Amino acid sequence: MNFLLQILMGIIFGVGVGLILGTEHLNFVNMWIAPIGIVFLRLLKVMVIPLVISSLIVGVTGLGDISKFGRIGGKTFGLYMLTTTVAISLGIGTAVLFEPGVGLNLQVSKAIVVKEMPSFSQMIVDFFPFNPIRSMVEENMMQLIVFSIVLGIGILACNGKAKLLEDFAAQMAKICYKVVGWIMKFAPLGVFALIVPVVVTNGVNVLLPLISIIVCVCGALLAHCIFVYGCLLKFVAGINPFNYLKKIFPAAAFAFSSCSSSAALPVTMTYCRWMNISRGVASFILPLGATINMDGLAVYIAFSAVFVAQAYCIEFSLVHYVYIAIFGTLFSIGAAGIPGGGLVSLSIFFSALGLPYEALALLAGVDRLLEMPRTAVNVAGDMVVCGVVAKSEGETLEV
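The structure displayed is predicted, hence computed values, not measured ones.

## Some thoughts on the packing of aromatic side chains
And then number 1: Applying the stated criterion to the full structure yields two aromatic pairs.
And then number 2: Lying over the aromatic face of Tyr 300, Arg 374 brings its terminal NZ or CZ to 4.5 Å of the ring centre.

## Side note on the packing of helix H5 (residues 71–98) against helix H11 (residues 209–236)
And then number 1: Axis separation between H5 and H11 bottoms out at 10 Å; the angle between their running directions is 140°. Here H11 runs oblique to H5, going by the angle between their axes. The element H5 and its partner H11 pack so that their crossing is right-handed. Contact residues: H5 offers Leu 79, Thr 83, Val 86, Ala 87, Leu 90, Thr 94 and Phe 98, while H11 offers Cys 216, Ala 220, Ala 223, His 224, Val 228, Tyr 229 and Leu 232.
And then number 2: Residues that form the contact of H5 with H11 fall into these classes: 11 nonpolar, three polar and no charged.

## Some thoughts on the confidence of the model for the chain
And then number 1: Across the chain, the average pLDDT comes to 80, with 85% of residues at or above 70.
And then number 2: No element of the chain has a lower mean pLDDT than helix H6 (residues 120–126), at 70, and none a higher one than H11, at 91.

## A look at the side chain of Glu 395
And then number 1: Tracing the chain through its elements places Glu 395 in the segment after helix H18 (360–392).
And then number 2: Despite being buried, Glu 395 has no salt bridge partner; Arg 273 is the closest side chain of opposite charge, sitting 6.9 Å away.
And then number 3: Of note is the side chain of Glu 395, whose polar atom sits 2.5 Å from the side chain of Ser 278.
And then number 4: Not counting residues within four places of it along the chain, the set of residues in contact with Glu 395 comprises Asn 276, Ile 277, Ser 278, Val 281 and Ala 390.

## Some thoughts on the environment of Phe 77
And then number 1: Mapped onto the secondary structure, Phe 77 falls in helix H5.
And then number 2: Judged by relative accessible area, which is 29%, Phe 77 ranks as partly exposed.
And then number 3: A sequence separation of 216 residues divides Phe 77 from Asn 293, and the C-alpha atoms of the two residues are 9.1 Å apart.

## Some words on the nonpolar core
And then number 1: In this structure, Tyr 244 and Ile 277 are the most contacted members of the largest nonpolar core, which totals 120 residues.
And then number 2: Counting seven residues, the second largest nonpolar core, distinct from the first, contains Ile 49, Ile 57, Leu 144 and Ala 162.

## Here's the deal with the pattern of salt bridges
One side chain can pair with another of opposite charge once the charged atoms of both are near each other.
And then number 1: Taken as a whole, this structure holds two salt bridges when the rule is applied.
And then number 2: In this structure, Glu 393 and Lys 75 form a salt bridge, with 2.6 Å as the shortest nitrogen-oxygen distance. Taken together, the residues Glu 393 in the segment after H18 and Lys 75 in helix H5 connect sequence positions 318 residues apart.
And then number 3: Given the relative accessible area of 25%, Glu 393 is considered partly exposed.
And then number 4: Given the relative accessible area of 28%, Lys 75 is considered partly exposed.

Rules behind the numbers
Residues numbered from 1 in each chain as written. Predicted model: local features only at pLDDT ≥ 70, side-chain atom pairs only at ≥ 80, totals over all residues. Heavy atoms only, no water. Phe/Tyr/Trp six-rings, centres within 6.5 Å; stacked < 30°, edge-to-face > 60°. Lys NZ or Arg CZ within 6 Å of the ring centre and 35° of its normal. Axes fitted to C-alpha atoms, helices over the stretch in contact; angles between N-to-C directions. Helix = DSSP H or I, 4+ residues; strand = E, 2+ residues; numbered from the N terminus. Parallel < 35°, antiparallel > 145°, perpendicular 65-115°, else oblique. Left-handed = near helix turned anticlockwise from the far one by under 90°. Contact = heavy atoms within 4.5 Å. Nonpolar A, V, L, I, M, F, W, Y, C, P; charged D, E, K, R; others polar. pLDDT = per-residue confidence, 0-100. Buried < 20%, exposed > 50% of the residue type's maximum accessible area, 1.4 Å probe, protein only. Lys, Arg positive; Asp, Glu negative; His and termini not counted. Salt bridge = Lys/Arg side-chain N within 4 Å of Asp/Glu carboxyl O. Polar contact = N/O pair within 3.5 Å; in protein donor to acceptor, adjacent residues only side chain to side chain. Core = buried A, V, L, I, M, F, W, Y, C linked by side-chain atoms within 4.5 Å.

Here is the structure:
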C-alpha cells in the first residue's frame, strides 16, 4: 500500500477513534495509546544527531576536491545559500501574515519550555562549539552542524589522506538511513497514536487549519519559483525567466511525481545539456544541488515552526526568527539527503527551538502531500542556479 495512503489512514482512524472516545476517556488514551506515539517519536529523535553529523560530512566531502570551492563553487554555494535563506524568510513571512495556527490554543501533556534566544552577537558566538560531545549531550544542533561542516572541509583538505574517516561517515550515514527507514515503516501507527490524544484533548477543530497549511505552503512555493527564481534569471543572468522556467518544467514535473531530487538528477542533467549548458558546469552544480539545495523544504519547515508556535500560544521574538533563518540555511547542506526528510527535519527544528514534538502528528499527513511540490521547487532551484552560473561563465544558453 502507498505510504502516503497509510499515513492518511492513520490520521483518519486516529481522528475517528479520538471522536468516539471523547474527553471522558482521556486517561485511557494517555495510558494505552499515547505511549506508542511517544516511543515512535523517541526512536525518531534518537537518530537525529548521528544522522545530521554523518549526512553533513558526506554532503561536504561529496564535492570531491576542495579546489572546487573556487570560482564556480563559490558562485554556486553562494546562490544556493541565498535562495535557501530567502525561502526560509518567505516561509516565516507567510505564517506570520496569515496566522494559520492562531486561535487553536493546543495543549500538551507537560509544560512547554521554549529555549531562550541570546543576543545576536552571542548567538553568533554560540554557533561555534568548544566541546562537540557536550553539544551532543545538550542537543545543540547549530554547533553540531558547524562542527560537521568544518570536519567535512578538513577531510577534503587532506586530499584523500583521510579516506578512512570519510568512508566511516559514509557508512554511518547509510546505517542511519536504513534505521530511519525502519522507523518510518511504523509512521502510520505512530501518527495514529499521536493524533488520538490530540483530538481527545482538543476536539476536531484542531484539524481544520491543515487545509490552510497546504494552501499557504503551496502559495509560498509558487511565489518563490516565480519571483525569486524569476528575478535571478532576469536581473542576474539576463535570461528570459518565462522561457527558462518553461524549458525546465518537465524536469520539475518529474521531480514532483518521484519526490526525489536524486532520482530526477539524470533528467535535470539532460535538460540542462539541451539548453547548451556545458557538461562541466552541469556535472558539478546539479549533483551539488541535489545534496545541499532544499528551498522547498526550507519554506515548509520555517512555516511549520511558526505555525506550531502560534498553535501552542508560544511567543517568538525577532531573535527567534533570525535563529530559524540562520539555522535552516546551514541545515540545508545535509538535510536534502535525509530519507523521510520532512518529519526528520521538523523534529530537528522543534528540538532546537524547544517546540512540542506532539505537533508532528498534525503535520505528518500534510508533510507527505507537500513533499511533491517541495521536491519540484528543489529541482527547479538546482536548474535555475545552473543556468545563472553558466551564463556568468560566458556560456550561451539556448532558451
